[in-house]
Amino acid sequence: MGRFVESDLVERHDQLGSLEAILDATLQGSGRIVHLTGPVASGKTTLVRCLETAARDAGMTVLRAIGSRAELMLPLGVVAQLLDCADLTVSELAALEALLDQGARAPWSGLGTNEVDVGAARVLRGLCVQLLTRAERGPVVAIVDDAHLSDAASLQCLSYLGRRLASVPMLVVLVESPHILPACPAYYAELAGPHVRALQIGPLTPHGVARIVDQCASAPPELDAQEAFALTGGSPLLLRALLEGQSSATSAAPIRLGLEDAFGEAILRLLYRSDPLVAQGARAIAVMGASTSPELLARLLEIDLELAQRVIHLLRTNGLLGADGFRDPRTPAVVLASVSAEDRESLHAQAARLAHCDGAAAAQVARYLVTAGPMDDPWVHPTLMEAADQALAAGDHDGAVVCLRAAQARARDDTHRAEATVLLVRALWRSRPADAAPHLPALADAVRAGHLAGRHALVVANQLLWHGDGAGASAVLDVVCGVDLLDQEVARGAAVTLLAQAHLYPGRAEAVMGLLRRLTAKYGLENWGEHLPCGGAETLAAMTASSAHGDAVAAVERALAAGDPGGAAVGTLGVALAAMVFADRMGALGSWQDPLPATASGTFAALTSAVEGERRLAHGELAVAERGAIQALTSLAAADWGVLLGSILATAVRGASAAGRFAAAEAHLCIPMPPTVADTVCGLDHLHARGDYYLAKGRAQAAASDFLTCRDRVVTWCQDRPGFDTWRTDLAWAFLELGRGRQSRELAEEELRRLGSGHPRLRVPALRVLAAGSDVERRLRLLREAVDLAEGHGTSLDLAYAYTDLSEVLRAVGDGSRARVVARVAGNLARQLELEPLVRRLHSDDRSAEAVPTASRAAAVPTLLGGAAVFGTGTGANPVLSDAEHRVASLAGLGYTNREIAGRLHVTVSTVEQHLTRVYRKLQVSRRTDLTNLLGADVGAPAPAAAEQRTGGVVRPVVRPGAARRPLPGLTRDWTATPA
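Residues numbered from 1 in each chain as written. Predicted model: local features only at pLDDT ≥ 70, side-chain atom pairs only at ≥ 80, totals over all residues. Heavy atoms only, no water.

Looking at an unreviewed UniProt entry, one finds the protein chain named HTH luxR-type domain-containing protein, with Frankia canadensis as its source organism.

A.B. asks: How should I be thinking about empty space enclosed by the protein in this particular structure?
C.D. replies: Left-over empty space is what a probe sized like a water molecule reveals as it rolls over the atoms. Tallying each qualifying case throughout the model produces 7 cavities of 30 Å³ or more. Put simply, the largest cavity is a space of about 80 Å³. Contributing to the lining of the largest cavity are Arg784, Val787, Tyr803, Leu806, Leu810, Arg818, Val822, Leu894 and Tyr896. Its residues placed into classes, the lining of the largest cavity shows 7 nonpolar, no polar and 2 charged. (1 Å grid on protein atoms, 1.4 Å probe; cavity = no way out; pocket = protein on both sides within 12 Å on 5 of 7 lines; lining within 4 Å. Points joined across faces, edges and corners; volume = space filled by probe spheres on them. Nonpolar A, V, L, I, M, F, W, Y, C, P; charged D, E, K, R; others polar.)

A.B. asks: What's the story with the sheet that holds strand E4 (residues 170-176) in this structure? I'm lost.
C.D. replies: Strands pair in a sheet through their backbones, by hydrogen bonds, and they do so in one of two ways: parallel or antiparallel. The strand order across the open sheet built from 5 strands is E2-E3-E4-E1-E5, with neighbouring strands paired in parallel fashion. Among the strands making up the open sheet, the edge pair consists of strand E2 (61-66) and strand E5 (196-200). Shown here is a sheet whose adjacent strand axes are inclined to one another by a mean of 15°, direction ignored. The pairing of strand E3 (residues 140-145) with E4 spans 5 bridges and is parallel. Note that in E4 the partner of Val140 across the bridge is Met170. On top of the sheet, helix H1 (residues 13-27) reaches strand E1 (32-37), E3, E4 and E5; it is set at about 160° to E5, its chief contact. (Pairing = 2+ DSSP bridges. Helix = DSSP H or I, 4+ residues; strand = E, 2+ residues; numbered from the N terminus. Axes fitted to C-alpha atoms, helices over the stretch in contact; angles between N-to-C directions. Contact = heavy atoms within 4.5 Å.)

A.B. asks: Teacher, can you tell me more about the side chain of Gln463 here?
C.D. replies: By the secondary structure assignment, Gln463 is in helix H23 (residues 454-466). Excluding residues within four positions of it along the chain, Gln463 makes contact with Val425, Trp429, Ala436 and Leu440.

A.B. asks: Could you clarify how one ought to interpret the pattern of salt bridges in this entry?
C.D. replies: Side-chain pairs of opposite charge can arise where the charged atoms are in close proximity. Considering all chains together, one arrives at 32 salt bridges under this definition. Between Glu612 and Arg616 there is a salt bridge, with its nearest N and O atoms 3.1 Å apart. Here the residue Glu612 and the residue Arg616 both occupy positions in helix H30 (residues 602-618), the gap between them amounting to 4 residues, near one helical turn. On the basis of relative accessibility, which here comes to 22%, the residue Glu612 falls in the partly exposed class. Accessibility expressed as a relative area gives 27% for Arg616, which makes it partly exposed. (Salt bridge = Lys/Arg side-chain N within 4 Å of Asp/Glu carboxyl O. Buried < 20%, exposed > 50% of the residue type's maximum accessible area, 1.4 Å probe, protein only.)

Structure, rendered in C-alpha cells:
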C-alpha cells in the first residue's frame with residue numbers, strides 16, 4: 001500500500017488546502033465543524049490523516065473516533081472514544097464516568113425529533129463541558145471517521161458542541177459516506193448551519209486515473225487508463241486493487257483487467273462499507289441483470305421508489321455501476337458469492353416471480369428459475385420446458401441442459417419428470433452423449449409405465465441403440481408399436497428406427513423385421529417385402545418410404561446444413577444416418593460432397609467428420625479416411641460414440657495399417673469399447689479391422705483367428721449371405737500366408753461363386769487372392785479380370801493393388817515393357833493414396849517412376865502413362881491426340897488387342913484401327929511396342945527395403961487386399977456406380 005500514498009492525493013489537493021486553512025483559523029481561536037463527505041473509499045481518510053499530521057505538528061491535541069455499525073445502538077459510544085484520547089485529569093475522568101453511566105440509563109428515543117429528555121439533555125451538556133474544558137488547555141482537533149455510523153446520542157452531542165465553537169480553538173471533522181437514511185435527522189438538519197463547512201470529494205476523473213496509472217511504477221505498459229476508468233468508475237479503492245492485481249500478475253500470464261482476486265476483494269470491501277440497502281441493491285441487480293430499472297428494484301427489495309433510485313445512484317458514485325450495468329463483468333458473481341446459498345436462491349425465486357408476472361419471455365424467467373430455491377408455482381415447470389426448447393432451437397445446448405435439469409427437479413409428477421428427462425437426453429446427445437446414458441434405464445421404465453409415448457419414446461429407443469442396449473430398445477419399440485393408434489409421423493419414425501436397429505443389430509433383424517412388417521401393414525406404409533433390404537439404393541428407398549422427412553438422404557443433408565438433426569427426431573435421424581453410413585459405406589450417399597457446415601458443433605460436427613471419413617473410405621482413400629476418423633474422435637470423446645465407436649476405430653486402424661504405421665494402428669486398437677459393441681455390425685467391423693492389421697503386420701495366425709471369429713458371428717446372426725461380409729476373402733489371404741494354399745483357393749473360389757456377377761466390386765480382392773495361389777498362366781488371366789472389374793467398378797485402392805499384382809506377373813512371364821508401364825501407374829496411384837508400403841513394394845522390384853501430381857484417377861492414368869505433351873490437350877503448334885485417340889492409345893500401350901480395346905470402349909474394331917493409324921502418325925511411331933517404350937521409361941530409383949514378406953513366391957499385401965473395407969452386415973453393397 002505504501003507505494004500508493006502519493007497517488008492517494010491525486011485530485012484531492014483543493015480539499016486538503018481548505019482543511020489546512022480551516023486548521024489555521026482554529027489555531028487563531030475560531031473553531032467550527034467540517035463535514036467531509038464522499039463515496040466509500042474515495043480518499044477521505046487519507047485527507048484527514050494529512051490534517052491530523054499537520055495538527056500534531058502545530059502542537060494541537062488530536063481526538064479520534066470511528067463510527068461502527070456494531071455500536072450504532074450504544075449511546076454516546078463515539079463521544080466516549082473522543083474523550084478517551086483527551087488526556088483528562090483524575091477528577092475529569094471520574095466526572096466522565098458518571099456522565100456516561102447516566103447516559104446509559106437515560107432515554108434517547110426522542111433524539112430524531114429534537115425532543116430530548118431532561119436527563120439526557122443534562123448528560124449532553126456535561127459531555128460538551130468536558131470537551132470545551134479540554135480545548136481551554138490548548139487547540140483541539142476532533143476527528144470522527146465514518147460519522148454516518150455514529151450513534152444518535154453522540155451525533156446530538158456533537159451538534160450541541162458545534163453551536164458553541166465560534167470562539168473556541170476546537171475543530172470537529174465529521175467524515176462520512178453517503179447513506180440511504182440518516183440515523184438522526186435533526187442532527188443532519190443542523191449541519192446546514194453557519195458553523196459547519198461542507199467539503200465534498202468525488203470519484204476520480206479519467207485524467208486523475210491516468211495520472212495514478214502513470215505514477216504506479218509496477219503498472220504494466222499494456223494497462224490502458226481509459227479501460228481502467230471504465231472498470232473502476234474512478235473509485236480509488238477499485239483502481240488500487242486493479243493495479244495491485246496487475247502488478248502481481250506473472251509475465252507469462254496474459255493480463256485480464258478486473259479478474260484478479262484483489263479486485264474482487266475490493267468490491268466486497270466497498271459493499272461492506274456501504275449502506276446495507278446499497279449492498280442489497282447490488283445483489284438484486286446482480287440477479288436481475290443490467291436492465292434493472294428503479295421500479296423493478298423497488299419491487300424486488302420491497303422499498304419505496306425513491307429509495308431504489310437512491311440505491312442505484314450510490315452504486316454508480318461508488319464505481320460499481322455504469323450506464324449499462326456493472327462496470328466489471330465479474331462483479332455480479334463476486335457480489336452473489338458473498339451471500340449465503342439460501343439468500344441467493346430466495347433472490348432468484350423472487351426475481352422469477354416478478355419476471356413471470358411482468359410477462360417476460362420464458363428464457364428470461366428460466367434464467368432466474370435455474371438457481372432459485374424450491375418453488376411450487378404451477379407455471380415453473382412449463383416455463384423451464386419452453387425455455388429449453390427455445391435454447392435447443394437456438395443451438396444453445398448447454399443452456400437447454402441447465403433448464404431441463406431444473407425442470408426435472410421441479411416436475412410435479414412422473415410424466416412431467418420423464419418428459420423433462422427425455423428432452424435432457426436429447427440435449428446431452430448433441431454435445432456429451434455419454435452423459436445421456438445414465439438417464440436411459442429410468443426412461444425405459446417410464447415408457448413401460450406409460451409415462452412416455454410417441455416421439456418421446458422413440459428418442460429413448462434411438463438412444464438405447466446408440467449406447468448399445470439393443471434389447472432395451474426392442475422393449476421400448478414393442479411398447480410404442482403396441483399402441484392401438486399411432487400418429488402417422490410417429491409410425492414412420494418407428495419404422496425408420498426399426499430399420500436402423502435391424503442394420504446395426506443383425507442378431508435381432510428377424511424379430512425386428514417381423515414387427516416392422518406388422519407396423520407397415522397396420523399404418524399403410526410402403527411395403528418393404530418379406531426380407532430386409534440388401535442394397536444401398538433399396539435401403540434408401542425403404543427409408544424414403546418411412547421417413548417423416550421424405551427422402552432420407554435429403555433429410556440428413558438438410559439437417560447437416562442447418563446444424564440441427566431433425567429436432568425431436570434427433571435420435572431417429574442420427575441412428576438412421578449411422579445405419580446408412582456404417583452399413584453401406586456411403587455407397588448410396590455419394591452425392592454428399594459438401595464440407596462440414598460452419599453451424600455444426602458437438603456431436604453433430606463429429607458425426608459429420610465420421611461420415612466424411614466413411615465416404616472417403618468407400619472411395620478407397622484410406623489415409624484421408626483415417627484423418628476423418630481421427631477428427632471425429634477429436635471432436636467427440638471415444639466414450640461418447642456408443643457402439644459407433646467400433647466402426648470409427650476400424651476406419652482409423654485400416655488407414656494406419658495401410659500406411660505401415662503400425663504403432664498408430666495399435667494405439668487405435670487400445671482404445672476401450674463398450675462390451676455391447678460385440679452385438680453390432682460396428683463390433684464386427686472393428687474385429688475385421690484388427691484382422692487386417694494382423695495380416696498387414698505379418699501375424700497371419702492372429703489374423704486368421706479374427707476372421708474365423710467374424711465368420712462365427714455372421715453365421716450366428718444368420719447373415720452369411722453374399723456381400724454381407726468378406727471374411728472368406730480375408731481368411732484366404734491369411735491361409736495363403738500360413739502355407740495352406742488349398743484351403744485358400746477353396747475359400748476364394750467359394751466366395752466368387754457366392755458373389756456371382758452381382759457384386760463386381762467385391763470380386764476384385766477374391767480374384768486377386770485366387771490368382772496369388774495359382775500358376776502363372778492362370779494368375780495372369782485372373783488378374784486381367786480383376787483389373788477390368790477394378791477399372792469399371794472399383795476404387796483407386798482396388799486398382800493400385802490389381803495393377804501391382806499384374807505388373808509382377810507380367811514381369812514373371814518376361815513382358816518387361818508392359819510390366820514397367822503398369823507398375824508406373826500402380827506406383828503413382830499408391831503415392832496418391834499415401835500407401836507407403838505399396839510404394840516400397842514396387843520400388844523393391846525397381847518398377848516405379850517418380851510421382852506425377854494428379855487430380856483424380858480418371859485424369860491420372862494418361863498423364864502417368866506418358867505426359868500431357870503426348871496425350872493431353874496441348875496449346876503448342878505440335879498436334880496432340882483427341883480424347884478418343886488418347887483412350888485407344890492408353891489401352892494399346894498397356895498391351896490390349898484391337899478387339900479387346902473395341903470391347904472395352906464399345907466401338908468397332910475398324911474404329912480402333914483408324915484411331916491407332918492417326919496416333920502413329922501424330923506421334924511419329926510405327927508399332928505398338930513404340931507406344932510402350934514411349935510411355936513407360938524405367939526410373940532406376942533406389943530400392944528401399946520392402947516391408948512385405950514373400951511366402952512361396954506370393955507377395956502378402958499391406959492391408960486386406962483390394963478392399964477399402966468389408967461391407968458392413970445388414971446391407972449388401974451395390975458397387976454399380978462409376979468410381980471417382
